[in-house]
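Report on the structure
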Amino acid sequence: DGGITQSPKYLFRKEGQNVTLSCEQNLNHDAMYWYRQDPGQGLRLIYYSQIVNDFQKGDIAEGYSVSREKKESFPLTVTSAQKNPTAFYLCASSPPGYSGNTIYFGEGSWLTVV
Amino acid sequence: GQNIDQPTEMTATEGAIVQINCTYQTSGFNGLFWYQQHAGEAPTFLSYNVLDGLEEKGRFSSFLSRSKGYSYLLLKELQMKDSASYLCAVRDLNTNAGKSTFGDGTTLTVKP
């Protein structure tokens, strides 16, 4: 079945440590996204990529990094520079172009600082 | 940029009807989404409005007025499973759907 797979579902980070969240899709979508969601809030865009080997900062990119070496994969690294990383992280993808209206979400990853 | 407002919380009774409002301000409008999100899960798509008017899909309907910067989601015959957060998201011109700006969501509690 086609879809988006995020891993791990739950992750704990120690102070000063970098962690990487995995996101893989087999929908053959060009565009992929990472969002952060804090309790009681909507989704905020961290990074997005419209094509392989290219990505753009979203609204809250500081303290995060991404790569897009393959169409299927868009991993997110939460660096030690992100001072408040505890949140729910969602990966998503969408078909190319501006006419589509569908976003496909992964199941999300919970990151907690310990 | 956009500014999106929706009520933080609403409570309704099983079997009733509830209307969740969303107002927005944007420099270039190209569609409005409604998503349902249960706690700890990913959002699921409910509706997408780009033209004025009401779109009905089963128990859920969504309305848009572009001139007023206003939308609502109407849920009929409420069920306990409808207890969730409902997110309004607005999409700018010449952007992919994933670059939409999300409101903070309205937490709906359905009581017996």
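In this report, we go over the structure that sits alongside the text. It should be emphasised that the depicted structure is a prediction, and the values quoted were computed from it without experimental measurement. (Residues numbered from 1 in each chain as written. Chains lettered and ligands numbered in written order. Predicted model: local features only at pLDDT ≥ 70, side-chain atom pairs only at ≥ 80, totals over all residues. Heavy atoms only, no water.)

So, the interface of chain B and chain A
Tallying the contact residues gives 21 residues for chain B and 26 residues for chain A. Each partner contributes to the roughly 1800 Å² buried at the junction of chain B and chain A, and carbon and sulfur atoms together form 54% of this total. At the boundary of chain B with chain A, the tally comes to zero salt bridges. At the boundary of chain B and chain A, one finds three residue pairs in polar contact (both at pLDDT 80 or more). Contributing elements (two or more residues each) for the side of chain B that touches chain A: strand E4 (29-37), strand E5 (44-49) and strand E9 (84-92) of chain B. The element best represented in the side of chain B that touches chain A is E4(B), accounting for four residues. For the side of chain B that touches chain A, the per-class residue count stands at nine nonpolar, eight polar and four charged. (Contact = heavy atoms within 4.5 Å. Buried area = accessible area lost by both parts, 1.4 Å probe. Salt bridge = Lys/Arg side-chain N within 4 Å of Asp/Glu carboxyl O. Polar contact = N/O pair within 3.5 Å; in protein donor to acceptor, adjacent residues only side chain to side chain. Helix = DSSP H or I, 4+ residues; strand = E, 2+ residues; numbered from the N terminus. Nonpolar A, V, L, I, M, F, W, Y, C, P; charged D, E, K, R; others polar.)

A few points about the pattern of salt bridges
On inspection of all chains with the given rule, the structure shows six salt bridges over all chains. Measuring nitrogen to oxygen at the nearest pair gives 3.0 Å for the salt bridge that ties Asp38(A) to Arg36(A). Residue Asp38(A) shares its accessibility class with Arg36(A), and that shared class is buried. Of the charged contacts in the structure, one is a salt bridge between Arg59(B) and Asp82(B), with a shortest N-O distance of 2.8 Å. Of this pair, Arg59(B) sits in the loop between strand E6 (53-57) and strand E7 (60-65) while Asp82(B) sits in the loop between strand E8 (70-75) and E9, and the two are 23 residues apart along the sequence. Each member of the pair Arg59(B) and Asp82(B) is classed as buried. Put simply, Arg36(A), Asp38(A) and Arg44(A) are held in one network by salt bridges that share partners. (Buried < 20%, exposed > 50% of the residue type's maximum accessible area, 1.4 Å probe, protein only.)

What to know about the nonpolar core
Formed by 21 residues in total, the largest nonpolar core has its most connected members in Tyr24(B), Leu32(B), Trp34(B), Leu75(B), Leu78(B), Tyr86(B) and Leu108(B). Discounting residues that sit within four places of it in the chain, Leu75(B) has contacts with Ala16(B), Ile17(B), Val18(B), Ile20(B), Arg59(B), Phe60(B), Asp82(B), Tyr86(B) and Leu108(B). Listed in part, the 20 residues of the second largest apolar core include Met32(A), Tyr64(A), Val78(A) and Ala87(A). (Core = buried A, V, L, I, M, F, W, Y, C linked by side-chain atoms within 4.5 Å.)

Quick look at the pairing of strand E5 (residues 43-51) of chain A
Residues and elements named next belong to chain A. Note: strand E4 (residues 31-37) against E5, six bridges, orientation antiparallel. Considered in E5, the bridge of Tyr-33 is made with Tyr-48. Between the end of E4 and the start of E5, which pair antiparallel, lie five residues, with Gly-40 showing a positive phi angle near 75 degrees. Sheet analysis places E5 next to strand E6 (residues 54-57), joined by three bridges and oriented antiparallel. Each bridged residue has a counterpart across the sheet, and for Tyr-48 the counterpart in E6 is Gln-56. The antiparallel hairpin formed by E5 and E6 contains two residues in its connecting segment, where Asn-53 sits at a positive phi of about 70 degrees. (Pairing = 2+ DSSP bridges.)

Thoughts on unusual backbone geometry
Residue Pro8(A) is reached from Ser7(A) by a cis peptide bond, and omega for that bond is -5 degrees. Mapped onto the elements of the fold, Pro8(A) is located in the loop between strand E1 (4-7) and strand E2 (10-13). Unlike most non-glycine residues, Asn28(A) shows phi in positive territory, near 60 degrees. Along the chain, Asn28(A) falls in the loop between strand E3 (19-25) and E4. Classification of Asn28(A) as exposed rests on a relative accessible area of 56%. For Glu77(B), which is not glycine, the phi dihedral falls at a positive 45 degrees. Topologically, Glu77(B) is positioned in the loop between E8 and E9.

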